[in-house]
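Chains, contacts and geometry: an overview
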Amino acid sequence: MTDNSSNTMWGGRFAAGPDAIMEAINASIGFDQRMAAQDIAGSRAHAAMLGATDILTDTDVAAIREGLLTVLSEIEGGTFQFSTALEDIHMNVESRLKEIIGEPAGRLHTGRSRNDQVATDFKLWVRDQFDAAEAGLLALINALLGQAEAGADWVMPGFTHLQVAQPVTWGHHMLAYVEMFGRDLSRVRDARKRMNESPLGAAALAGTSFPIDRHMTAEALGFDRPSANSLDAVSDRDFALDFLSVASISAMHLSRFAEELVIWSSAQFRFVTLSDRFSTGSSIMPQKKNPDAAELIRAKVGRIYGANTGLMMVMKGLPLTYSKDMQEDKEQVFDAADSWMLAMAAMEGMVKDMTANRDELAVAAASGFSTATDLADWLVRVLGMPFRDAHHITGTLVAIAESKNCDLPDLTLADMQSVHAQITVEVFDVLGVQNSVNSRMSYGGTAPAQVRAQVQRWKDKLA
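Residues numbered from 1 in each chain as written. Predicted model: local features only at pLDDT ≥ 70, side-chain atom pairs only at ≥ 80, totals over all residues. Heavy atoms only, no water.

A word on the overall build of the protein
Scanning the protein from terminus to terminus reveals 18 helices and six strands. For 463 residues, the compact-globule estimate of 2.2 N^0.38 gives 23 Å, and the protein exceeds it by more than 25% at 31 Å. Taken over the C-alpha atoms alone, the protein extends approximately 100 × 55 × 40 Å along its principal axes. Burial status across the protein gives 48% buried among its 463 residues. Put simply, the protein shows about 21900 Å² of open surface, and 53% of that area lies on carbon and sulfur atoms. Taking the average place of the 41 positive charges on the side chains of the protein and the average place of its 59 negative ones, the gap between the two points comes to 2 Å. (Helix = DSSP H or I, 4+ residues; strand = E, 2+ residues; numbered from the N terminus. Rg over C-alpha atoms; globule rule 2.2 N^0.38 Å. Buried < 20%, exposed > 50% of the residue type's maximum accessible area, 1.4 Å probe, protein only. Areas by Shrake-Rupley, 256 points an atom, 1.4 Å probe, with all protein chains shown as cover. Lys, Arg positive; Asp, Glu negative; His and termini not counted. Charge placed at Lys NZ, Arg CZ, Asp CG, Glu CD.)

This is how it looks when you write it as structure tokens:
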């Protein structure tokens, strides 16, 4: 008979053989200890309910609730000894509770299962992360509003295809990200509201024969109501997928802005100067100031997307109700939450600290024939020309300016009239970038007055 304990196939790490491997693959305490506070909050609420429904005596309930606070203080103080042999946070807490208070600890699990317990713990943890995300997004939005208000009339180039398109204002560009992160904020609030149903009391999958009060525990834990189907309650991880989906979209917005900051802070653009707090130097090139924080934000997106896809793959083939596969839900959500929160905080810091180089922005705004559309609009508006004809004439004038190595405002009136005789000197009024942005008064446009109105709208909305 082969002695598996000495079989080299197990590897040195698992010298004890199959039992060690099973313990390692089965245990989740290495990561689910992050839910200790939520686990103890759920257990204290459950114990109070068991007392209120006369399932446990008041004496047992008091001992359990006080003992759980002692366990929590040990965990928070760093003196608690976690054991992989006890598998998870639930059994680690219950085992220590028994050491502290004795027999009453064994009565705590009446009317519940680890299935509804872990679903409750995880929901509470994710709900806390949604609250943290809301705070982070609000801080970032307010930082962007500060930039938008300060630069409401600073001209800069607007781009399509990363080619100069039309002049816009710095404030208008900042408000574009306010809108993006505002949608993220809406998604956070929507997902938090949708998830706020308590699984506690669904037990293993079918509910319980004990006369528990699920509404009481739901209220105690800040849920809006108990979940309405016990099968769904223990097998649902939509709330985690909602979290990862919202995080993925928000991280994409963060990455887009990070990409712009990397480009804008380069020597070729010089649109912004990032503070030293969010930049690093080179080990051999003394002139370098690298936008490392922005680059790392850009990279974090891959981890968040990976977590989203990973959990979808875990859940896609699971029959009702609970399967051990679902133990693989937490590490991915934990990592994505850490990455998202850090990226938001870093972006807020960069936005608050960065300096827009107004002169460089203005020079860039006036280059690349950025007022060509204003010229075409003037031909339509003043000369009554069909837009397609105006577009053609403007393109001809751009070609002349290119041949002269100048921009449209540098052409002479004679140059203009050589293409269309009815063009007058008034056309030069629309070719200045400041005149261009001032004219974009349509709702949501880049005119400084519109920018200031949108800043105020957001301030009112957030207030």
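Having seen the structure, we can now continue with the description.
So, the pattern of salt bridges
Tallied over the entire structure, the rule returns 26 salt bridges. Linking Asp377 and Arg440 is a salt bridge whose minimum nitrogen-to-oxygen distance equals 3.5 Å. Taken together, the residues span a long stretch of sequence, with Asp377 in helix 14 (residues 372–383) and Arg440 in the loop between helix 17 (433–439) and helix 18 (448–462) at a distance of 63 residues. Since its relative accessible area comes to 23%, Asp377 is described here as partly exposed. (Salt bridge = Lys/Arg side-chain N within 4 Å of Asp/Glu carboxyl O.)

Let's talk about the side chain of Asp121
Here Asp121 is to be found in helix 6 (residues 114–150). Arg112 provides the closest opposite charge to the buried, unpaired Asp121, separated from it by 6.6 Å. At 3.3 Å, the side chain of Asp121 forms a polar contact with the side chain of His90. Other than its neighbours up to four places away in sequence, Asp121 contacts Met35, Gln38, Asp39, Ile89 and His90. (Polar contact = N/O pair within 3.5 Å; in protein donor to acceptor, adjacent residues only side chain to side chain. Contact = heavy atoms within 4.5 Å.)

Let's talk about the pairing of strand 2 (residues 163–169)
As judged from the six bridges shared by strand 1 (residues 155–160) and strand 2, these two strands associate in the antiparallel manner. Of the residues in strand 2, the one forming a bridge with Val155 is Thr169. (Pairing = 2+ DSSP bridges.)

Some details on the nonpolar core
Counting 78 residues, the largest nonpolar core has Trp170, Phe257, Trp264, Trp340 and Met347 as its most contacted members. Counting residues per element, the ones that place at least two in this core are helix 6, helix 7 (170–195), helix 10 (238–264), helix 11 (292–315), helix 12 (330–353), helix 13 (358–365) and helix 18. Of the residues forming this core, the biggest block, 15 residues, is contributed by helix 10. Excluding residues that lie within four positions of it along the chain, Met347 makes contacts with Leu140, Leu254, Phe257, Ala258, Leu261 and Ile297. In this structure, Ile40, Ile75, Phe80 and Leu108 belong to the second largest nonpolar core, which totals 20 residues. (Core = buried A, V, L, I, M, F, W, Y, C linked by side-chain atoms within 4.5 Å.)

Quick look at a nonpolar patch on the surface
A surface patch of nonpolar side chains, amounting to about 270 Å² of accessible area, comprises Leu205, Leu231 and Leu320. Among the structural elements, Leu320 can be located in the loop between helix 11 and helix 12. Taking the relative accessible area as the measure of exposure, Leu320 reaches 64% and is therefore exposed. (Patch = residues over 30% accessible without salt bridge, like charges linked within 9 Å, V, L, I, M, F, W, Y side chains within 5 Å.)

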